[in-house]
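In case you want the letters, here they are:
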Amino acid sequence: MGESKGRHELKHFINYADILQLRLRLPYVASIDKNAIDSKGYRVRSLYFDNYNDKVLREKIDGVNEREKFRLRLYNDDTSFIKLEKKSKKNGISYKESTILTESECRDLINGDIELLKQKTDPK
């Protein structure tokens, strides 16, 4: 998988008034994502992997310093572009690696066949 540079990810809640202000101001400083199918954006579907003990969830809740999670991601129900992503965190810095899967590879992975991951050579 292709590795990216680390980054800080800061998340916080916003209220409805903030949303309204952002909708008014963002068009002046940002453009619509090129992958958007209309002015409302695009549909994202994600499937996260965890083990039977909810290891990933527990590490997140417990604030474990070094952790990782895997997910499949699909945009606009388009099965010609499926991403497998590994997100990891170390010392407050987030990293993401990803590769593109075919629909067949995705189905194999969901069914427990991880051998295909050893053969992937197309980092994205």
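Owing to the predicted nature of the structure, the values given are computational and were not obtained by experimental measurement.

**Some points on the overall build of the chain**
When helices and strands are counted, the chain shows 4 helices and 5 strands. By the burial criterion, 22% of the 124 residues in the chain qualify as buried. Counting only contacts in the chain whose residues sit at least 6 apart along the sequence, the fraction spanning at least 24 positions is 45%. Of the side chains in the chain, 26 bear a positive and 21 a negative charge, and the two mean positions are spaced by 6 Å.

**Brief notes about the packing of aromatic side chains**
Summed over all chains, the structure comprises 2 aromatic pairs. With centroids separated by 6.3 Å and ring planes inclined at 40°, the aromatic side chains of Tyr 75 and Phe 81 adopt a geometry described as tilted.

**Here's the deal with unusual backbone geometry**
Phi is positive for Asn 76, close to 55°, though the residue is something other than glycine. With respect to the helices and strands, the residue Asn 76 is situated in the loop between strand E3 (67-75) and strand E4 (82-90). By relative accessible area, Asn 76 is classed as partly exposed at 25%. Of note in this structure, Asp 77 is not a glycine but carries a positive phi near 55°. By secondary structure assignment, the location of Asp 77 is in the loop between E3 and E4.

**Focus: the environment of Val 56**
Here Val 56 is to be found in helix H2 (residues 55-62). Considered as a pair, Val 56 and Glu 68 are 12 residues apart in the sequence and their alpha carbons are 7.2 Å apart. Residue contacts for Val 56: discarding those within four places in its chain leaves Phe 49, Asp 50, Glu 68 and Lys 69.

**Some thoughts on the pattern of salt bridges**
What the rule picks out here adds up to 11 salt bridges. Among the salt bridges present, the one from Glu 9 reaches Arg 7, with a minimum N-O distance of 3.1 Å. On the accessibility criterion, Arg 7 (46% relative accessible area) is partly exposed. One salt bridge in this structure joins Glu 97 and Lys 86, with 3.8 Å as the shortest N-O distance. Highlighted residues: Glu 97 in strand E5 (residues 93-101) and Lys 86 in strand E4, separated in sequence by 11 residues. In this structure, a network of salt bridges that share partners links the residues Arg 7, Glu 9, Lys 11 and Lys 87.

**A short note on the environment of Val 44**
If you trace the backbone, Val 44 turns up in strand E2 (residues 44-49). Once the C-alpha coordinates of Val 44 and Asp 78 are considered, the two residues, 34 residues apart in sequence, prove to be 10.0 Å apart. Beyond its immediate sequence surroundings of up to four residues, Val 44 is in contact with Arg 73, Leu 74 and Tyr 75.

How each quantity is defined
- Residues numbered from 1 in each chain as written.
- Predicted model: local features only at pLDDT ≥ 70, side-chain atom pairs only at ≥ 80, totals over all residues.
- Heavy atoms only, no water.
- Helix = DSSP H or I, 4+ residues; strand = E, 2+ residues; numbered from the N terminus.
- Buried < 20%, exposed > 50% of the residue type's maximum accessible area, 1.4 Å probe, protein only.
- Contact = heavy atoms within 4.5 Å.
- Lys, Arg positive; Asp, Glu negative; His and termini not counted.
- Charge placed at Lys NZ, Arg CZ, Asp CG, Glu CD.
- Phe/Tyr/Trp six-rings, centres within 6.5 Å; stacked < 30°, edge-to-face > 60°.
- Salt bridge = Lys/Arg side-chain N within 4 Å of Asp/Glu carboxyl O.

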